[in-house]
Amino acid sequence: MRTLWRHFIAIIELGRLAWKTGFRLRGPYWTWRNETAFGHDPKRMPSAAARREAIVEYANWVAAMRALRRR
């Protein structure tokens, strides 16, 4: 159940970020975020599963930081 909740929060946060960037997922912000997180060399990138887990963790971190800001 905890995993489902983490993924649900991640979807909400990623949707919010996509909305804020005008859904330009190949735009400058998302390109920068991808290169910062995973690099630009495809041979050195983590597996797709590891990238997905990192994205979920990042989105949950964003949610936690937003919650702290509201306190």
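The present account deals with the structure reproduced in this document. As the structure is a prediction and not an experimental result, all values here were calculated from the model.

### Thoughts on the pattern of salt bridges
Then, number 1: Under the criterion given, the structure shown has three salt bridges.
Then, number 2: Residues Glu53 and Arg6 are paired through a salt bridge, measuring 3.1 Å at the closest nitrogen-oxygen approach. Of this pair, Glu53 sits in helix H3 (residues 48-70) while Arg6 sits in helix H1 (residues 2-20), and the two are 47 residues apart along the sequence.
Then, number 3: For Arg6, a relative accessible area of 22% corresponds to the partly exposed category.
Then, number 4: Across the pair Arg16 and Glu13 runs a salt bridge whose closest N-O atoms are separated by 3.1 Å. Note that Arg16 and Glu13 are positioned in helix H1 at a spacing of three residues, about one turn of the helix.

### Looking at the side chain of Asn60
Then, number 1: With respect to the secondary-structure elements, Asn60 resides in helix H3.
Then, number 2: Residue Asn60 is classed as buried on the basis of its relative accessible area of 18%.
Then, number 3: Each residue touching Asn60, except ones within four places of it in the same chain, is listed here: Arg6, Ile9 and Ala10.

### Re a nonpolar patch on the surface
Then, number 1: A contiguous nonpolar surface patch, about 340 Å² in accessible area, is contributed by Trp5, Phe8 and Ile12.
Then, number 2: Along the polypeptide, Ile12 turns up in helix H1.
Then, number 3: Since its relative accessible area comes to 43%, Ile12 is described here as partly exposed.

### Things to note about the packing of helix H2 (residues 28-38) against H3
Then, number 1: With their axes 12 Å apart at the nearest point, H2 and H3 run at an angle of 115° to one another. As judged from the angle between their axes, H2 and H3 are roughly perpendicular. Remark: the crossing between H2 and H3 carries right-handed chirality. Counted together, Tyr29, Arg33 and Phe38 of H2 and Arg51, Ala54, Ile55 and Tyr58 of H3 form the full contact between these two elements.
Then, number 2: Grouping the amino acids of the contact of H2 with H3 by side-chain chemistry returns five nonpolar, no polar and two charged.

The rules we used
- Residues numbered from 1 in each chain as written.
- Predicted model: local features only at pLDDT ≥ 70, side-chain atom pairs only at ≥ 80, totals over all residues.
- Heavy atoms only, no water.
- Salt bridge = Lys/Arg side-chain N within 4 Å of Asp/Glu carboxyl O.
- Helix = DSSP H or I, 4+ residues; strand = E, 2+ residues; numbered from the N terminus.
- Buried < 20%, exposed > 50% of the residue type's maximum accessible area, 1.4 Å probe, protein only.
- Contact = heavy atoms within 4.5 Å.
- Patch = residues over 30% accessible without salt bridge, like charges linked within 9 Å, V, L, I, M, F, W, Y side chains within 5 Å.
- Areas by Shrake-Rupley, 256 points an atom, 1.4 Å probe, with all protein chains shown as cover.
- Axes fitted to C-alpha atoms, helices over the stretch in contact; angles between N-to-C directions.
- Parallel < 35°, antiparallel > 145°, perpendicular 65-115°, else oblique.
- Left-handed = near helix turned anticlockwise from the far one by under 90°.
- Nonpolar A, V, L, I, M, F, W, Y, C, P; charged D, E, K, R; others polar.

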